[in-house]
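Descriptive analysis of the structure
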Amino acid sequence: MKQALRRVVLRGLARRVVGAMVPWPRMERAQDGYSIILGVPWALRHLLEVNLRFIAQTDTTGLATVFVVFDRTERPGAEAIIEAAKAAHPSLPLEFCFYPKAAGRLIERIDVSTFYNSMNNATALSRCRTRWAVLHDFDLYPLVPNYFRDVVEKMQREDLRFCGLELTNFDGLSDEDLILGTWCLGMDAQWLRNQHRPHEVFHRIGQVGGRTVNLDPYSWLQTREPRRALVGTIDHTAACHVRNLCSTHLRFTTGRPAKVVWRLHYLWYLEWLAGGGTPEATRMERVTAIMDAASEPVIEVDGLRAGFAGTDPTCANILESELGRMERFLVGRVRPEVGAFVSGFRAFLERFAATSAGAAPEPAREAAA
């Protein structure tokens with residue numbers, strides 16, 4: 001109990017200290033249009049081009065700025081990434097951000113994912129020039145042209161402070177609490193800048209309906225602001241959200257078991273989309289051959305192993321559906337390489353389903369949530 005209390009106090013102090021290091025000025029006069037805030041995990045920077053490709057495929061009418069926030073202080077090699085992104089997407093109004101040195105060093109020492117997330121938001125908001133902004137998760141891929149436009153137009157029409165695609169049930173929150181998920185969250189940036197301080201958008205432990213819960217960035221402010229609503233015109237089917245993408249990548253590349261192992265198949269597909277002639281870009285096709293030849297429920301690629309014992313074969317159905325929707329949104333059809341990849345995954349899981357019967361199954365429905 002004492003350790004838990006100490007952790008809460010220290011994180012609360014760190015939140016205020018970091019927030020003070022990223023001050024934002026008042027926004028007296030807002031520019032027209034809206035902004036997108038895209039936080040980029042440095043470990044997955046090679047996938048930035050993929051997310052930007054999906055953004056560029058939407059209706060970007062009124063889009064003033066895409067704030068691309070790398071979750072680190074400036075690093076060697078960043079310039080090449082920035083130039084490649086600008087060259088690949090000249091139609092997008094890209095603005096690249098890094099953490100301020102002092103705050104960034106502190107965040108890296110804390111090394112907690114929610115601090116990185118909060119810092120991404122505060123960094124972009126301090127530079128935002130439009131009243132309306134939309135938080136957009138790095139592992140979320142829009143699949144309808146009106147994805148961002150509907151969120152912004154709902155906020156403008158109803159003068160909302162927050163508008164989201166879905167509700168969050170994180171850490172015991174319920175739909176009745178009406179807390180909007182931050183993976184797609186429209187916000188009134190002018191109100192935030194003028195009425196709140198940076199540390200208030202950070203995550204925290206708070207009270208909701210008499211319960212003590214962990215709250216994501218902006219969730220605490222939502223509990224104090226009734227002018228919030230679901231967008232309504234679109235729902236979760238308007239995007240593919242590959243939750244745990246970053247943690248899956250980090251666990252795989254450091255030799256640890258992934259919590260939802262078949263997230264790796266999304267990762268390999270996304271790396272194939274990113275292309276660029278890198279070894280990662282060929283993994284999807286190499287994994288297809290490895291699955292076809294496998295004599296055990298293990299995939300080993302580039303010296304890294306992932307075990308699939310107990311993974312429910314119906315996970316292949318979800319992968320097929322979501323990669324199919326992503327493919328059709330991007331290129332209008334499912335390309336043969338992707339079809340072979342999904343078919344190989346299904347055959348791989350079905351081949352070892354009987355021999356894995358003693359392992360704890362990984363439910364397809366839960367893994368896709």
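Residues numbered from 1 in each chain as written. Predicted model: local features only at pLDDT ≥ 70, side-chain atom pairs only at ≥ 80, totals over all residues. Heavy atoms only, no water.

**Some thoughts on the pairing of strand β3 (residues 94-97)**
- On β3, burial covers both faces: Leu 94 and Phe 96 on one face and Glu 95 and Cys 97 on the other are all buried.
- Pairing of strand β2 (residues 63-70) with β3 involves four bridges; the strand directions are parallel. From the neighbouring strand, Val 68 faces β3, where its bridge partner is Phe 96. (Buried < 20%, exposed > 50% of the residue type's maximum accessible area, 1.4 Å probe, protein only. Helix = DSSP H or I, 4+ residues; strand = E, 2+ residues; numbered from the N terminus. Pairing = 2+ DSSP bridges.)

**Remarks on helix α3 (residues 78-88)**
- When we look at burial in α3, the residues that qualify are Ala 78, Ile 82 and Ala 85. Projected down its long axis, α3 shows its buried positions confined to an angular sector of 65 degrees, all on one face. Along α3, exposed side chains directed more than 90 degrees from the buried face belong to Ala 80 and Ala 87.
- Those residues of α3 that are buried lie in contact with α2 (48-57), β2 and β3. (Arc of directions from axis to C-beta. Contact = heavy atoms within 4.5 Å.)

**Focus on the packing of aromatic side chains**
- Across all of its chains, the model carries 14 aromatic pairs by this definition.
- Ring geometry for Tyr 147 against Phe 148: centres 4.9 Å apart, planes inclined by 90 degrees, an arrangement best described as edge-to-face. Each member of the pair, Tyr 147 as well as Phe 148, carries the same accessibility label: buried.
- Each ring, one from Phe 162 and one from Trp 191, has its centre 5.7 Å from the other, and the planes form 85 degrees; the classification is edge-to-face. One end of the pair, Phe 162, is in strand β6 (residues 162-164); the other, Trp 191, is in helix α7 (residues 189-195), and 29 residues separate them in sequence.
- Phe 162 gets classed as buried once you look at its relative accessible area, which sits at 0%.
- In this structure, Arg 243 is placed above the aromatic ring of Trp 183, and the distance from its NZ or CZ to the ring centre is 4.9 Å. (Phe/Tyr/Trp six-rings, centres within 6.5 Å; stacked < 30°, edge-to-face > 60°. Lys NZ or Arg CZ within 6 Å of the ring centre and 35° of its normal.)

**Observations concerning the packing of helix α9 (residues 245-253) against helix α10 (residues 263-274)**
- Direction vectors running N to C along α9 and α10 enclose 95 degrees, while the axes themselves pass 9 Å from each other. Considering their axes alone, α9 and α10 lie roughly perpendicular with respect to each other. Side by side, α9 and α10 meet where Leu 245, Thr 248, His 249 and Phe 252 of the first sit next to Arg 263, Leu 264, Leu 267, Trp 268, Leu 270 and Glu 271 of the second.
- Within the contact of α9 with α10, the residues separate by chemical class into six nonpolar, two polar and two charged. (Axes fitted to C-alpha atoms, helices over the stretch in contact; angles between N-to-C directions. Parallel < 35°, antiparallel > 145°, perpendicular 65-115°, else oblique. Nonpolar A, V, L, I, M, F, W, Y, C, P; charged D, E, K, R; others polar.)

**Thoughts on the sheet that holds strand β4 (residues 130-136)**
- Reading across from one edge, β3-β2-β1-β4-β7-β6-β10 is the order of the seven strands in this open sheet, with mixed pairing throughout. The sheet is open, and its two edges are formed by β3 and β10 (228-230), each paired on a single side. In this sheet, neighbouring strand axes are inclined to one another by 20 degrees on average, regardless of whether the strands run parallel or antiparallel.
- Two strands pair when backbone bridges link them, and β6 and strand β7 (residues 184-188) are joined in this way by three bridges, in the antiparallel orientation. Residue pairing in the sheet places Cys 163 in a bridge with Gly 186 of β7.
- Across the sheet, α3 touches β2 and β3, and the angle it forms with β3 is around 165 degrees.
- Lying on the sheet, helix α6 (residues 147-158) is in contact with β1 (31-40), β4, β6, β7 and β10; it crosses β4 at an angle near 135 degrees.

**Describing unusual backbone geometry**
- Positive phi is not limited to glycine here, since Leu 178 has a value of about 50 degrees.
- Mapped onto the secondary structure, Leu 178 falls in the loop between β6 and β7.
- A positive phi angle, close to 70 degrees, is found at Asn 244, a residue other than glycine.
- Tracing the chain through its elements places Asn 244 in the loop between β11 (239-241) and α9.
- Residue Asn 244 is classed as partly exposed on the basis of its relative accessible area, which comes to 41%.

**Considering the environment of Cys 97**
- Structurally, Cys 97 can be placed in strand β3.
- When its relative accessible area of 1% is taken as the criterion, Cys 97 is described as buried.
- The spatial distance from the C-alpha of Cys 97 to the C-alpha of Phe 67 is 7.0 Å, given a sequence separation of 30 residues.
- Beyond its immediate sequence surroundings of up to four residues, Cys 97 is in contact with Phe 67, Val 68, Val 69, Phe 70, Thr 123 and Arg 127.

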